[in-house]
Structures are given as structure tokens and as C-alpha cells.
2 protein chains.
Amino acid sequence: MPKVTIEDVATRARVSIKTVSRVVNNEPNVSESTRRKVNAAISTLNYRPNQSARRLKSQRSFLIGLVYDDPSAYEIPSSGYVINMQQGLLSVCKEANYDLLIHPCGFSDRRIAAEIKGLIEHSRLDGIVLAPPLSNMRGIVKAIENTGTPFVGISPGGSTLRQPAVATNDREICAEMTAHLASLGHRRIAFITGHPDHKAVASRFLGFQDGLRDCGLKLDAALVGSGDNSIESGERCARTLLDLARPPTAIFAANDDMAAGVIRVAHERRIRIPERLSVAGFDDVPLARQIYPSLTTVNQPLAKMAEHAARRLIRMLHSGEASLDLEVIPSALVLRDSTGLAP
Amino acid sequence: MPKVTIEDVATRARVSIKTVSRVVNNEPNVSESTRRKVNAAISTLNYRPNQSARRLKSQRSFLIGLVYDDPSAYEIPSSGYVINMQQGLLSVCKEANYDLLIHPCGFSDRRIAAEIKGLIEHSRLDGIVLAPPLSNMRGIVKAIENTGTPFVGISPGGSTLRQPAVATNDREICAEMTAHLASLGHRRIAFITGHPDHKAVASRFLGFQDGLRDCGLKLDAALVGSGDNSIESGERCARTLLDLARPPTAIFAANDDMAAGVIRVAHERRIRIPERLSVAGFDDVPLARQIYPSLTTVNQPLAKMAEHAARRLIRMLHSGEASLDLEVIPSALVLRDSTGLAP
DNA sequence: CGCCATTGCGACAACGTTGTCATACGCATC
DNA sequence: GATGCGTATGACAACGTTGTCGCAATGGCG
């Protein structure tokens, strides 16, 4: 296949290369008739602009980076997270003619900051989408800001850092889930908190407290377990909670993995779910549908958030200016079989 | 930040830009002393070659594409699959200075072929890594071959198509798993086959048959369920199998999701695992560790396979020629709690 | 009718590299 | 001491675009 250049198109359409360029880039001041001629030539020759050339000349890379923490560093379940975001980003990138570069990275602030700087310098990214939990780490955000590269954070729990970001109503939806449990008659509702570094997960606990308050229930410190997002921590907390003299009738875990841990312990102890114990999680990872009983949880619209983030980033790239506000895409309660009427 | 070019480095090192280029690209015929001078200049100026420029001039994109089927088309559990491959690829790309472009796509042969052609033309990929099951679809492979773009397939079950590929010992390991079940005393071992289009999954069934033969057991057609890789199909097959007058004492499913389905049914029917029924899966998806009881399964070294695929692709890109042989990376049996002595 | 603004288009330089070729030098060979 | 060859280096073109500028044609307005 001989590579066809802008020159070939120009010759065939009997115009200058500049005019072809104008048509390709949808620039104004081209008459409708020439535009048609050029487009005809383009499609018969199957012309594709050489990205490298346009990148070189226009000093833009048409590259967007997705930076996220290394999923293997955490727990593999979070992989679904990344895939969903990727899908959302890709769909937007495709239509806007950007390419997506993915960049998983370690977890220590300092190292990541250096890594990102290297990435930007090397690949000359036009913009960055920053995945959670990185989007809530001051050092990372600062590092990117220092490079002057436009970026948008995806930060479900909202962000304390001033940055353009897309969030979801984590806190509110947790209040809703709590209210839902209360509406099933539960009065002793336990909560298992997540990893303290994970800001997004922290806001879930706040939502739980909001929910209790809304329903006129009081927070019982004995009914709060502190987990770290892992299944094991879910199991540990579940054991402690179920060993209480007055155990909870419902347990709401800050993520699905910990909820899965609770369910495992229940299985071990032959505690029927949801008849004897209701369990709710958060994230709607694939696991949630797969375990028995299927898990009531919260579904975050990650792909959609990513889409919005990408669209917004691209808008920033074109307009040149950033809006710092927080866009919120609502999450949804997913009611499955692990929750039911209080015993 | 003022962008520093090869010119700046040349000026500072008091050499020509061509010499800098030579140093950067590790070309021969540069004296050790100049090389040091240039390298010094490079690091004090923090020079990064402009990728677009070198791509333009050298007519290479330094881009590798990862093409895989859209995970949402199948089932989300497969997302772990993709992430693992990505990690393997990225680690190699990084050290070889290539960038990775990911490209999920639909599932119909014809559409994908067109999509891939577009991708190659648009992004001018230097090479492609083709993920399963695409690596076993003749139309896709042919389409890529037609473009003349070098590619390496990742195809766990081996490949009937002549193509450079990295595989794993799917079949052998399934024989091993079967032998393991037999060694626990199981004589009535059932198998649940996977989606018929999924070549990799088909070879698992062959391995099962090998295993039976090796242990002197006969294949009982009544003990073969035909699933389609989904949890639901696993449940369906499990019901049929467990309804038999002489139900199996062990069920080996061609993937973890279906095995999870079996476990769900067992839970429903209060059939204790592994005391009354042993269950084995394949894939070692995150779920396998999370469900109760944790699932005995097979772990495919996907990241490692991807690494090898990438390394091989890059070697092909440099040498210009392709080796058609199939590289095999062994899988491992993962024994967990869902299998035990036959009742 | 003359003037200026607008529209449509092309010539040409420039982006930052790498490839090609020429050149200068040192050194062994005859 | 001329010849040839290998090594180290540089001058310059070229890659395929887009940006800048200039120029011609058109049209509205005084």
C-alpha cells in the first residue's frame, strides 16, 4: 500500500495542499464546491492524514493519558474499575480523534509524581485524566499542575482539592442505602469503613452517618468496623460484629469486597442471608452478581464519568481554559438478594 | 518550560545535531569522548527527543496496538483478562520505548476486520498484539495479515492458524486438573463446556478427556454439560447434573464463572462443598478467591504471556522477519477449598 | 465609481528529527 | 610518498503536515 499524502489529494482535486488541509481540519473559508471536490478525492484515495506530521507541526500530540494506580498493587477486583473508565474514555477519544495512552503506576506520592512528569515529557501528552484514588492525592495533583498539562480528575467522592473533576454522589447514595436498610426494619445497622487513604471510601462513611441521622437512628461506635477494602478485612470485621452480644441485623460495607468477606463469614457460621442478616456493599463489581446470594450494592457510573471527564478535557484543550467546578454524575442503588426485611 | 530541541543540545555540546542524533539512537562511529559530552548536555538540559519528529522522519509510529474484544460484549469478569495483558505489555513497551494503544472492539468478524484496518491506517501502528478470542478468528487474522502489519497473537489454547503466537498449556493442565480430581477419589467427574466460539475453551474439554483416559476413566456423555461461559449456564448445567439419578461427585467447569454458577446451585440445595461435591474452574479470576468456598482453578500466566508477545513483536519489528512458532508459557493449578476427597 | 472588508485560495516556511552524502583525518599498505 | 580504507563528524535535504502571509475576486457602501 503506497501511503497517500496530502499532496496526492491536492493534485487529484486540483487544489493546493493548504486547501486540503483546510478541508480536513474543518477550517472556514472554503467554498462548498471545493470542499466537495476535496472530500471526493480524499475518499477515493482513502487518504489518512499523517498524525506524526500534524503533531509535529501543530505542537500537539493528540494524546490523552489515563493515569491510575497499579491495580496489582491494590487488589485485582479493582480492575473492573479501570476497564470501565477506559471504555468511557476511548469512546470519546475515538470521536474526537485523540489517542489514549494508559499509564498504571505505583502508589507512593513521590515516585508517582516523578513518573507522571516523565510520562508527560516523554509522550508529550496534551491532557490527562486522573483516576481515583490519585485524583485525591495532593502531591500528584500538584505535580501535574506544575507541568502545566491540563487534566481532569475522576473522583467519585468529590474532591477537597481545587481541580476540574467529575464526581458522583457517593455520600448521598450511601445515605439512601442506609435509609433503604432502615425502611426494611433494620435498627442495628453496622458499617465497615474502607482504607483510610482512600478518600472516596471515607465519604461513604459520612453518607452512612447522614442516613442514620435522617432515619432518626444513632451511630453506635460498636457497630463500626474499620476495614481496609480487602476481603480479609471484611471477614475480620464481620467476625467482630457478629460476636457482639447484640449483633447487627444489617451490615453495610464500604466496598463489595469487604461485603463479600461478610458473606463468607455468614456462610461459615450458617447465618442465612438475607433472612438473618442483610448485607450491602458498594461498587457493583462483577463479583456482586456472582456470589450467592447476589449482593445489594451501589453502581457507580464509571464509564459515564470517564466519558464526561474526557469530553471536558478535550473541551479544555480546545478552549485553552479550565473550569474548576465539580461535575456530578449520580450513582444508583442496586437492590439484589442480600438484603431483606429485618428478622 | 521551554522545550529543548536537538539543536540546543548540539550547541551546548559543540557538535552537530547529527552527532546528537547518533548518540541518542546509540549509533556507532561516535568517539567515547563526544558521546560523553553529548550525554552530559542531554542530561543538564533534560532533553527529550520529540517523538512526533522522529516518527515522521523515520516512518515508524513506535506504537503497538492491543486489540481485544469488547469486554462488555461478553461478560465483565473477563476484564481481569485485559488488565493483566495490558500490564504485561506495558512493562515491555516502557523499556523498549514504545507506546501502547488499546483497542477494544465488537465481536462480529466482518466489523472487526474493518475496524482494525481503520485503526492501523489511522494510527499507523507498527505492530499489533491480538488478544483471545480474536487471535483464533480466521477473518481477523487474515485482515491483519492483509495490512502487512506485524502481529503476535495471545492464544491460550494454542492456535490452528499459522501465526506468531504465545500460548499456554491449556489442554495439558486440564488433564492435570482431572487427574487431581481422580486422585482425590472421584470417579464420576462431570465437565461443563464453554462457549462453542471460544476455541481456547474448547481445548479445555479435550484436556479433560485426556485426563480421564490417563486415569483409566471413561467419558460419560451424561456427565457433560454444555455451557456458554456465563454464570447462568453454569447454574443450568449444575441443576441438570445434580438432578441425575447418579450425580457426579466432582464438576469441572471450563471457566470460573460457570464454576461459580455450580457453587450457587449447591448453596441453594444445601449441598456442602467440598464434602459432598467438588468443584473446579478455570481462569483464576478474582472471583475465585472471593467466593465461599474459594475455588480450585487454573491460573493462566496472562501478564507473562503478554510480556512475551510484546517482546517478540518488538523483535519482529527490529529484525523485520516473523517466526511462526508457538511459544508456550505453562499455567498452574491453584488448589483451594472447593475440591476435596470424594464422599 | 472608488474604496475597503471579506472570502477563497495558494506559495512558502517551519516544526524537530533522521537519512544521505561529503569531508577530514589517521593509519596501514605498496 | 602516494594510495586506499576505516572512523568520526558535519551540511543539507526530506518526512507530511499546519501556520503565516499575500493576492485576487467579490460585494457592500458612500
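Residues numbered from 1 in each chain as written. Chains lettered and ligands numbered in written order. Predicted model: local features only at pLDDT ≥ 70, side-chain atom pairs only at ≥ 80, totals over all residues. Heavy atoms only, no water.

Digging into the protein's contact with DNA strand D
Thinking step 1. The local shell around DNA strand D holds 27 residues, among which Ile 6, Lys 18 and Ser 21 of chain A together with Ser 16 and Thr 19 of chain B are the closest.
Thinking step 2. Within the contact set of DNA strand D, a base nitrogen lies 2.8 Å away from a side-chain nitrogen or oxygen of Arg 22 of chain B.
Thinking step 3. Counting residues per element, the surface near DNA strand D draws most heavily on helix 4 (residues 51-58) of chain A, at four residues.
Thinking step 4. Looking at the surface near DNA strand D, its residues break down into nine nonpolar, 10 polar and eight charged. (Near = heavy atom within 4 Å. Polar contact = N/O pair within 3.5 Å; in protein donor to acceptor, adjacent residues only side chain to side chain. Helix = DSSP H or I, 4+ residues; strand = E, 2+ residues; numbered from the N terminus. Nonpolar A, V, L, I, M, F, W, Y, C, P; charged D, E, K, R; others polar.)

Considering the pairing of strand 5 (residues 165-168) of chain A
All names here are of chain A.
Thinking step 1. Residues of strand 5 alternate between two faces, with Ala 165 and Ala 167 on one and Val 166 and Thr 168 on the opposite face, all of them buried.
Thinking step 2. Direction of pairing for strand 4 (residues 151-154) relative to strand 5: parallel, over a ladder of two bridges. Bridging across to strand 5, Gly 153 finds its partner in Ala 165.
Thinking step 3. Pairing analysis gives four bridges linking strand 5 to strand 11 (residues 326-329), with the strands arranged parallel. The partner of Val 166 across the bridge, within strand 11, is Glu 327. (Buried < 20%, exposed > 50% of the residue type's maximum accessible area, 1.4 Å probe, protein only. Pairing = 2+ DSSP bridges.)

Quick notes on the domain arrangement of chain A
Thinking step 1. Split into domains, chain A comes out as domain 1 (6-49), domain 2 (63-168 + 302-331) and domain 3 (170-300).
Thinking step 2. The C-alpha centroid of domain 2 of chain A is placed 35 Å from the C-alpha centroid of domain 1 of chain A. (Domains from an automatic or database assignment.)

With respect to the interface of chain B and chain A
Thinking step 1. Between chain B and chain A, the contact holds 53 residues from the first and 54 residues from the second.
Thinking step 2. Surface buried jointly by chain B and chain A totals about 5,000 Å² across both partners, of which 54% is contributed by carbon and sulfur atoms.
Thinking step 3. Sorting the residues of chain B by area buried against chain A places His 122, Gln 290 and Tyr 292 of chain B first, and these three jointly supply 14% of that buried surface.
Thinking step 4. Inspection of the chain B/chain A interface yields four salt bridges.
Thinking step 5. Between Glu 115 of chain A and Lys 94 of chain B there is a salt bridge, with its nearest N and O atoms 3.8 Å apart.
Thinking step 6. If you list the elements that add at least two residues to the side of chain B that touches chain A, you get helix 4 (51-58), helix 5 (79-96), strand 2 (99-105), helix 6 (109-123), helix 11 (256-268) and helix 12 (286-290) of chain B. (Contact = heavy atoms within 4.5 Å. Buried area = accessible area lost by both parts, 1.4 Å probe. Salt bridge = Lys/Arg side-chain N within 4 Å of Asp/Glu carboxyl O.)

Description of helix 11 of chain B
Residues and elements named next belong to chain B.
Thinking step 1. Here helix 11 contains 13 residues, and its C-alpha end-to-end distance of 18 Å stays within 8% of the 18 Å for a straight helix at 1.5 Å per residue.
Thinking step 2. Of the positions making up helix 11, those classed as buried are Asp 256, Asp 257, Met 258, Ala 259, Ala 260, Gly 261, Val 262, Ile 263, Arg 264, Val 265, Ala 266 and His 267.
Thinking step 3. Downstream of helix 11 by a residue or two, Arg 270 has a phi angle that is positive, lying close to 60°. (Expected span 1.5 Å × (residues − 1).)

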